[in-house]
Amino acid sequence: MKSYLSILIVFLLIGCKDKPRGTQVISEKKLQKEAVLADNAIVVSATKEASQVGVEIMRMGGNAYDAAIAVEMALAVTYPYAGNLGGGGFLVYRTEYGEIGSIDYREKAPLTAHRDMYLDEDGIYKSKESKVGSLAVGVPGTVAGIFAIHEKLGSLPMEVLLQPVIKLAREGFTVTENQAIRLENYQSIFKEVNQEASIFTETHTQGSIFKNEALAKTLEAIAKNGRQEFYNGETAKNLVNYIQKKGGIITLKDLEAYEAEWREPIVFDFKEYKVISMAPPSSGGVCLAQILKMVEPYPLVEYGHNSTKYIQTITEAERRAYADRSYYLGDPDFVNIPVDSLLTSNYIKNRMQSFSLKAASPSSEIKPGSIQVYESEETTHFSIVDRWGNAASVTTTLNSGYGSKLYVKELGFFLNNEMDDFSAKPGEPNIYGLVGGEANAIAPQKRMLSSMTPTILEKDGELFMVVGTPGGATIITSVAQTILNVIEFNMDMQEAVNAPRFHHQWLPDNIRYEVGRFPKKIKDSLKILGYPENITADPIIGKVDAIRILENGVLEGGADPRGDDTAVGY
């Protein structure tokens, strides 16, 4: 088993980047994609089928939160790369009455997890075990999340919401080019990890129909028996038996103990806009607030979109926000987080005092913090607005693509590898060579730190924008730049989503540019100022799915052309 894992991890490290993301330059044809306009309601998600399911629910009289539940489950069918029953996520909401809130259904460490569980007797970090296989799995929160959302905000019966998803799983969906390539890339890995054949070890080509009867049956059981089916019923027992058979430590007590948590969102002003985003254990809201507040005093429009000065200013704000992230942020149920202090005007002003347009501020000189956390990029986001003006911004994940690569064949879904988002050993790198801090150390029942940034904006007290993206560490910077594209540069929603993006995360101390979309002259000018280019990271930065509400009340959806993302409205 150990030799197999060694070979597998090497393969994962050097050969498992998805071809669409790792080698693709976005075509001009895709960049000509136009915003989708809708008078009543709209869903923007990673797949056409999931967006259609959400719109179907709203046509039946359901609200945005009913649609969010259906879309979440539909993505488990059509986008198993990140959509899930075996993972977790966050929702930020704003009702038609202006009420705001958020729910945290992030995964948790098992009851028998402990700080040193990935260290051997000599204190050496056994990095493989937190990434692939049963010990990498955190206690799933997605099913608890959808039932909590349903209880507080839903209107239609759960059986009604899941019916079109069950039908989709049973009848199948058409495989796209991107999906076919992903499935081909991972096919041999699924076989090695699970040691058995399944629908995911079969060959699926573009245009073929992909059916998942096992998932349809699991969803039927959940629709019939409710939340307890997943956390205390037959599904729970089958899930625990599978995990333990594979050597994992999750028990029925772990599932029974899991609860989603309603949390106060991060709320702040940026110019004349009110921004509502996710609080810890997501770092998204705090870092987004810091970045936007840090750049607010600067004449960004005068600098010009993606000009040298613009990129430099945004980069320096990103650098400082990510330095703070590394040191202060974690699960608020376990660590004290000085959120209010991090967002005060004086603190924000002082953070940028050392910035000069004449040269870079080296990350080694940016304090506090000397280490940093990382989250894998294989996440998914969807945005929804209904005919009454209810808004849902939802980001969900398995962590890595297809999570731990463990596929529960009898139940029809993949399990997460979120345990790798903890600091397994402060100072030791995870699968992408980055390390974590003390605030994010492993503890039983603790939630791992996240970058997910589901966000809603108001203008003059009215709903203005719903936005979010996958992309790991690049989530926060992608959301920030998309917001700036609309507010500062008057782009429509699709233009704002299409626009080239860049990223800086404090460490490594370099700028990551979206491949093929920034002039060499700009990159060279920044290099001279002390901003080297990161040429080793994945060149695709996020897949933003967003909605803007126009002054006439029309809904404008922007679906990211970097994937199969689709806006559907009516």
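Quick notes on the rules
- Residues numbered from 1 in each chain as written.
- Predicted model: local features only at pLDDT ≥ 70, side-chain atom pairs only at ≥ 80, totals over all residues.
- Heavy atoms only, no water.
- Helix = DSSP H or I, 4+ residues; strand = E, 2+ residues; numbered from the N terminus.
- Buried < 20%, exposed > 50% of the residue type's maximum accessible area, 1.4 Å probe, protein only.
- Phe/Tyr/Trp six-rings, centres within 6.5 Å; stacked < 30°, edge-to-face > 60°.
- Lys NZ or Arg CZ within 6 Å of the ring centre and 35° of its normal.
- Core = buried A, V, L, I, M, F, W, Y, C linked by side-chain atoms within 4.5 Å.
- Contact = heavy atoms within 4.5 Å.
- pLDDT = per-residue confidence, 0-100.
- Axes fitted to C-alpha atoms, helices over the stretch in contact; angles between N-to-C directions.
- Parallel < 35°, antiparallel > 145°, perpendicular 65-115°, else oblique.
- Left-handed = near helix turned anticlockwise from the far one by under 90°.
- Nonpolar A, V, L, I, M, F, W, Y, C, P; charged D, E, K, R; others polar.
- Pairing = 2+ DSSP bridges.
- Expected span 1.5 Å × (residues − 1).
- Polar contact = N/O pair within 3.5 Å; in protein donor to acceptor, adjacent residues only side chain to side chain.

Chemist: Teacher, can you tell me more about the environment of Gly 83 here?
Modeler: For Gly 83, the position within the fold is in the loop between α5 (64–78) and β3 (88–94). Accessibility expressed as a relative area gives 4% for Gly 83, which makes it buried. Distance from Gly 83 to Gly 247, taken between C-alpha atoms, is 24 Å for residues 164 residues apart in sequence.

Chemist: Explanation requested: the packing of aromatic side chains in the structure shown.
Modeler: Aromatic ring pairs are reported here in terms of the distance separating the ring centres and the angle at which the planes meet. A complete count under the given rule lists 27 aromatic pairs for this structure. For the ring pair Phe 230 and Tyr 231, a centre distance of 4.9 Å and an interplane angle of 65° mean the geometry is edge-to-face. Take Phe 230 and Tyr 231: they sit in the same class, and that class is buried. Through pairs of rings, three or more aromatic residues link up here, namely Tyr 79, Tyr 81, Phe 173, Tyr 186, Phe 190, Phe 200, Phe 210, Tyr 402, Tyr 407 and Phe 414. One residue, Arg 182, lies across the ring of Tyr 81, its end atom 4.9 Å from the ring centre.

Chemist: Before we go on, may I ask you to explain the nonpolar core in this structure?
Modeler: Within soluble globular proteins, side chains that are nonpolar tend to cluster in buried spots. Counting residues in hydrophobic clusters, the biggest one holds 87 residues, and the most contacted among them are Leu 85, Leu 239, Ile 384 and Leu 415. Here this core gets 12 residues from one element, more than from any other, and that element is α5. When sequence neighbours within four positions are dropped, the list of residues in contact with Leu 415 reads Gly 86, Val 137, Leu 239, Tyr 242, Ile 243, Leu 398, Tyr 402, Gly 403, Ser 404, Lys 405, Leu 406 and Val 408. Of all hydrophobic cores here, the second largest spans 82 residues; its members include Leu 329, Ile 348, Leu 463 and Ile 483.

Chemist: Explain the confidence of the model for the protein chain to me, please; I cannot follow it from the model alone.
Modeler: Detail in the predicted coordinates should be disregarded across regions flagged by low pLDDT. When pLDDT is averaged along the protein chain, the result is 91, and 91% of the positions lie at 70 or above. Below a pLDDT of 50 lies the segment residues 1–23, which in the model reaches 41 contacts outside its immediate sequence neighbourhood of four places, other chains included. This stretch, residues 369–374, has a pLDDT under 50; its non-local contacts, to residues over four places away or in other chains, come to 31 contacts.

Chemist: What should I look at first to understand the packing of helix α4 (residues 48–59) against α5 in this one?
Modeler: Each pair of packed helices gets described by two things: the angle between the helix axes and the distance between those axes. One way to put it is that α4 packs onto α5 with a least axis distance of 8 Å and a crossing angle of 150°. Classified by the angle between their axes, α4 and α5 sit roughly antiparallel to one another. Like other packed secondary-structure pairs, α4 and α5 cross with a definite hand, here right-handed. Here Glu 49, Ala 50, Val 53, Gly 54, Ile 57 and Met 58 of α4 lie close against α5, whose contacting residues are Ala 64, Asp 66, Ala 67, Ala 70, Val 71, Ala 74, Leu 75 and Thr 78. Its residues assigned to classes, the contact of α4 with α5 shows 10 nonpolar, 2 polar and 2 charged.

Chemist: Looking at this structure, how should I read the sheet that holds strand β2 (residues 42–45)?
Modeler: Picture the strands of a sheet paired through backbone hydrogen bonds; they go either parallel or antiparallel. Strand order in the open sheet made by the 7 strands is β7-β4-β3-β11-β10-β2-β20, with antiparallel pairing throughout. On the outer flanks of this sheet lie β7 (261–263) and β20 (566–569), each paired with one strand and no other. If you compare each strand with its neighbour and ignore which way they point, the axes differ by 15° on average. The strands touched by α4 are β2, β10 (379–385) and β20; relative to β2, the strand with the most contacts, the crossing angle is about 160°.

Chemist: Explanation requested: α5 in the structure shown.
Modeler: In an α-helix, one turn spans 3.6 residues, which is why side chains three or four residues apart end up on the same side. In a regular helix each residue adds 1.5 Å, so 15 residues correspond to 21 Å; α5 covers 20 Å between its end C-alpha atoms and thus fits that length. Taking burial as the measure, the 15 residues of α5 include 15 buried ones, the bulk of the element. Between the side-chain oxygen at the start of α5 and the backbone nitrogen of Tyr 65 there is a gap of 2.9 Å, and the oxygen is on Asn 63.

Chemist: Any chance you could explain the sheet that holds strand β1 (residues 36–38) here in plain terms?
Modeler: Ordered in space as β1-β19-β18-β15-β14-β9-β8, the 7 strands form an open sheet in which the pairing is antiparallel. Edge positions in the sheet fall to β1 and β8 (266–270), since each of these pairs with one other strand and no more. Averaged over all pairs of adjacent strands, the angle between their axes in this sheet comes to 20°, without regard to strand direction. Pairing of strand β15 (residues 462–467) with strand β18 (residues 545–549), which is carried by 2 bridges, proceeds in the antiparallel orientation. Residue pairing for β18: Met 465 is matched across the bridge by Arg 548. Helix α13 (residues 284–295) rests against β8, β9 (273–277) and β14 (455–459) of the sheet, and its axis sits at about 15° to β8. Sitting on the sheet, helix α18 (residues 474–487) touches β8, β9, β14, β15 and β18, and the angle it makes with β15 is about 135°.

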